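# Reading the structure
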Amino acid sequence: MKLHHKLFAGLCLLAGSLNACLPAQAGTLSAPVHETAKRIISLSPHATELIFAAGAGKQLIGVAKSSNYPPEVKNMTNVGDGLRPNAELLLSLKPDLIVTWSSGGLPVTGLKQAERMVPVLSLAPQKLADITADLLQIAKLAGTLEQTRPLAHELEQIIQQTHAEYSARTPVPVFIFLGNSPLYTLGGGPIQNEMLQLCGAYNIFNDLNSPSPIVSLESIMQRQPKLILAGASHEKTADEIRDFFNDKGFSFARQAIVTQHPDILFRPTDRLIRALPGLCQAIDQARSRLQP
């Protein structure tokens, strides 16, 4: 089973002053975009999703091959792997903006060459609020800010309402399962830790600095998780995860395995924020079973 950032201030949304928030952009531009970006290339699946969410899908002329949402991307020009794009093809499309992801810390082949000719927007979201910041920044560059404002407000409301409803409840220790060959999990940095905090839960390995550390069954057992959160696209995967751990000496009930489609759970997009209430509800159900 194989299974440069500034914080966006949510208060600006509530005050209705989105333009005032835009200078505090989550992404970093390699050069100014002097006119509306009409020919955009995405080198990240999550950037592709945000471009569509910002109402700029018609301005998208090329995507990384791993982009798969929304369905319209299937008919778009494939510029290659997000870390190793076809630089010649990319530049031949004559983009006026390239959007990439820098959170992975890995260099993108040919990006320095592209930066000399085309502005590159590097997204590096660290918190849920940064997703909204990135969305607004893309909308500003694409000239779709006005139509994106309601969505930005909606996402901020979801974050705030989820926090108000769940964050103060009895904490639930959670193991985030990434795969068992070897046993990978998430450490202390990713957005998913804040997501769990909003739900009144916590990642049992949030004290580890590595973004995706390898852990042992013994260390998991010592930290006594009460729930496993996993990215899974098939319902039966939850049963497989439960059986894997219970065969190793754990005693997880089926309801203690909470799954979400990996493209939603691990991509910092509006879909992740929209999934928050459902995720928190699932965690809350597990919490109710744990309480005497």
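Attention in this report is confined to the structure presented alongside it. Predicted, not measured: the structure shown is a model, and the values here were computed from it. (Residues numbered from 1 in each chain as written. Predicted model: local features only at pLDDT ≥ 70, side-chain atom pairs only at ≥ 80, totals over all residues. Heavy atoms only, no water.)

### Section: the packing of helix H3 (residues 45–53) against helix H6 (residues 128–142)
How two helices sit against one another is set out by the angle between their axes and by the gap between those axes. The test is simple: Under this scheme, a helix contributes an axis fitted over its contacting stretch, all axes are lines through C-alpha atoms, and angles between N-to-C directions fall in the 0 to 180 degree range. The helix count covers DSSP runs of H or I at least four residues long, the strand count covers runs of E at least two residues long, and both are numbered beginning at the N terminus. In these notes the angle categories are as follows: under 35 degrees is roughly parallel, over 145 is roughly antiparallel, 65 to 115 is roughly perpendicular, and the rest is oblique. Here a crossing is called left-handed whenever its near helix is offset anticlockwise from the far helix by less than a right angle, and right-handed whenever the offset is clockwise. By definition in these notes, contact holds between two residues if any of their heavy atoms fall within 4.5 Å. Charged residues are taken to be Asp, Glu, Lys and Arg, nonpolar residues to be Ala, Val, Leu, Ile, Met, Phe, Trp, Tyr, Cys and Pro, and polar residues to be all remaining types, Gly included.
Put simply, H3 and H6 touch, their axes get as near as 9 Å, and they point 60° apart. Between H3 and H6, the angle falls in the class oblique. Handedness of the H3/H6 crossing: right-handed. On H6, the residues that touch Leu50, Ile51 and Ala53 of H3 are Ile131, Asp134, Leu135 and Ile138. Classifying every residue of the contact of H3 with H6 by side-chain character gives six nonpolar, no polar and one charged.

### Examining the state of the cysteines
Inclusion rule: Cysteine sulfur atoms that pair up within 2.5 Å are treated as a disulfide. Partly exposed residues are those whose accessible area sits between 20% and 50% of the maximum for their type, while under 20% is buried and over 50% is exposed, using a 1.4 Å probe and protein chains only.
Going through the model one piece at a time under the given rule, you end up with one disulfide. Disulfide partner of Cys199: Cys280, at an S-S distance of 2.0 Å. Between Cys199 and Cys280 the disulfide shows an S-S torsion of about -75°. By sign, it is left-handed. Taken together, the residues span a long stretch of sequence, with Cys199 in the loop between helix H8 (191–198) and strand E9 (201–203) and Cys280 in helix H12 (residues 270–290) at a distance of 81 residues. Take Cys199 and Cys280: they sit in the same class, and that class is buried.

### A few points about the layout of surface pockets
Applied cut-off: Whether a set of points on the 1 Å grid over the protein atoms alone is a cavity depends on a 1.4 Å probe fitting there but being unable to get out, while an open set qualifies as a pocket with protein on both sides within 12 Å along at least five of seven lines; lining residues are those with an atom within 4 Å of a point. Grid points are joined across faces, edges and corners, and a volume is the space filled by probe spheres set on the points.
The calculated volume of the second largest pocket comes to roughly 260 Å³. Around the second largest pocket sit 14 residues that line it, and Pro225, Lys226, Ser251, Phe252 and Ala256 are the ones nearest its centre. Taken together, the elements giving at least two residues each to the lining of the second largest pocket come down to helix H9 (217–223) and H12. Sorting elements by how many residues they give to the lining of the second largest pocket places H12 first, with three residues. A per-class count over the lining of the second largest pocket returns nine nonpolar, three polar and two charged.

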